[in-house]
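Working through the structure, step by step
Each chain is listed here by its residues.
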Amino acid sequence: MLNIVLFGAPGAGKGTQAVMLAEKHELVHLSTGDILRKELSSGTDLGKQAQQFMEKGEFVPDEVVIGMIRSQIEQNPNAKGFIFDGFPRTTAQAEALDKMLSEKTMAITSMIALEVENEELVNRLMKRGEVSGRADDQSLDVISNRIDVYHQKTKPLIGYYDAQGKYNPINGVGEIMEIFERLSQFVGQLKG
Ligand code: AMP
């Protein structure tokens, strides 16, 4: 099994690349952001709960996203592997993920970190805000807050995965297909 954490700041390109990697390498793509946006647009209680955090660029509580991931893993018992996108984002989430995977005799194979500088992230998110309807891409304040929260709460996960020998930085700047080739080649090597 091949279980990948696709890591990076908001705007690093995780979603775009995860969809393509999942298709090419036959992995199940799990994006907590996508799941939450779906809940929100369907008007579920979970979506309503999450909205107040998402619109400010804050994190939805750990237990909510951990529960979502657990249920997605359980709904895909025959998966050849998973690609986690936008999860884990805190140490508590990373620990919970390791624990739930090990209970199923599974493990994270590799954490691939897409590296993009702050200024480029802001530019990309502002541009995405113009073309997509994503509420949290519409305001510079919310964008800046998401990047700040990433630096405070999510970046420490580099140390968490590095300590397990699973941290692999990849240059996330360039053309989408060029970045995809870099990632895909690396994933191919992981498959052996
Ligand atoms: P994303 O699409 O990954 O950028 O996520 C959009 C928003 O959903 C984030 O700004 C958070 O409010 C929320 N969210 C997504 N994934 C998580 C997570 N793993 N932990 C907490 N909040 C999350």
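Attention in this report is confined to the structure presented alongside it. (Residues numbered from 1 in each chain as written. Predicted model: local features only at pLDDT ≥ 70, side-chain atom pairs only at ≥ 80, totals over all residues. Heavy atoms only, no water.)

Let's talk about the site of the ligand
Around the ligand, 15 residues are found, and the nearest of them are Thr32, Arg37, Glu58, Gly86 and Arg89. Between the ligand and the protein, one listed contact pairs an oxygen atom with a backbone N or O atom of Glu58 at 2.7 Å. Top contributing element to the shell around the ligand by residue count: helix α2 (residues 32-42), with 4 residues. For the shell around the ligand, the per-class residue count stands at 6 nonpolar, 4 polar and 5 charged. (Near = heavy atom within 4 Å. Polar contact = N/O pair within 3.5 Å; in protein donor to acceptor, adjacent residues only side chain to side chain. Helix = DSSP H or I, 4+ residues; strand = E, 2+ residues; numbered from the N terminus. Nonpolar A, V, L, I, M, F, W, Y, C, P; charged D, E, K, R; others polar.)

Regarding the nonpolar core
Membership of the largest hydrophobic core comes to 53 residues, with the highest contact counts inside it found for Ile73, Phe84 and Leu97. Examining the composition of this core, we find that 6 residues originate from one element, helix α4 (residues 62-74), more than from any other. Beyond its immediate sequence surroundings of up to four residues, Phe84 is in contact with Asn3, Ile4, Val5, Leu6, Leu30, Ile69, Ile73, Leu97 and Ile108. (Core = buried A, V, L, I, M, F, W, Y, C linked by side-chain atoms within 4.5 Å. Buried < 20%, exposed > 50% of the residue type's maximum accessible area, 1.4 Å probe, protein only. Contact = heavy atoms within 4.5 Å.)

So, the packing of aromatic side chains
Under the defined criterion, the tally for this structure stands at 3 aromatic pairs. Ring geometry for Tyr160 against Tyr161: centres 5.1 Å apart, planes inclined by 80 degrees, an arrangement best described as edge-to-face. Judged by relative accessible area, Tyr161 falls into the buried class, the value being 0%. (Phe/Tyr/Trp six-rings, centres within 6.5 Å; stacked < 30°, edge-to-face > 60°.)

Notes on the packing of α4 against helix α5 (residues 91-103)
When two helices pack together, their arrangement is captured by the angle between the axes and the distance separating the axes. For the pair α4 and α5, interaxial distance at closest approach is 10 Å and the crossing angle is 25 degrees. By the angle class used here, α4 and α5 are roughly parallel. Relative to α5, α4 is oriented so that their crossing is right-handed. From α4, Asp62, Val65, Ile66, Ile69, Arg70 and Ile73 reach across to α5, where they touch Ala92, Gln93, Ala96, Leu97, Met100, Leu101 and Glu103. Classifying every residue of the contact of α4 with α5 gives 9 nonpolar, 1 polar and 3 charged. (Axes fitted to C-alpha atoms, helices over the stretch in contact; angles between N-to-C directions. Parallel < 35°, antiparallel > 145°, perpendicular 65-115°, else oblique. Left-handed = near helix turned anticlockwise from the far one by under 90°.)

Focus: α5
With 13 residues, α5 ought to run about 18 Å at 1.5 Å a step, and its terminal C-alpha atoms sit 18 Å apart, in line with that. Among all positions of α5, only Gln93, Ala94, Ala96, Leu97, Asp98, Met100 and Leu101 are buried. Looking at the buried side of α5, the elements it contacts are β1 (2-7), α4, β3 (81-85) and α8 (157-162). Thr105 occupies a position one or two residues after α5 and carries a positive phi of about 50 degrees. (Expected span 1.5 Å × (residues − 1).)

Let's talk about unusual backbone geometry
Omega for the peptide link from Phe87 to Pro88 comes to -5 degrees, which places this bond in the cis form. In this structure, Glu26 takes a positive phi of about 55 degrees despite not being glycine. As for its position among the elements, Glu26 is in the loop between α1 (14-25) and β2 (28-31). Backbone geometry at Thr105 places phi at a positive 50 degrees, although glycine is not the residue there. Owing to a relative accessible area of 76%, Thr105 belongs among the exposed residues under this scheme.

A word on the packing of α2 against α4
With their axes 11 Å apart at the nearest point, α2 and α4 run at an angle of 100 degrees to one another. Classified by the interaxial angle, the pair formed by α2 and α4 is roughly perpendicular. In this structure, α2 contributes Thr32, Ile35 and Leu36 to the contact, and α4 contributes Val65, Met68, Ile69 and Gln72. Along the lines of polarity and charge, the residues of the contact of α2 with α4 split into 5 nonpolar, 2 polar and no charged.

Thoughts on the side chain of Lys14
Its place among the elements puts Lys14 in helix α1. There is no salt bridge for the buried Lys14, and the closest opposite charge comes from Asp85, which lies 5.1 Å off by N-O distance. Contact partners of Lys14, with chain neighbours within four places excluded, come to Leu6, Phe7, Gly8, Ala9, Asp85, Gly86 and Leu114. (Lys, Arg positive; Asp, Glu negative; His and termini not counted. Salt bridge = Lys/Arg side-chain N within 4 Å of Asp/Glu carboxyl O.)

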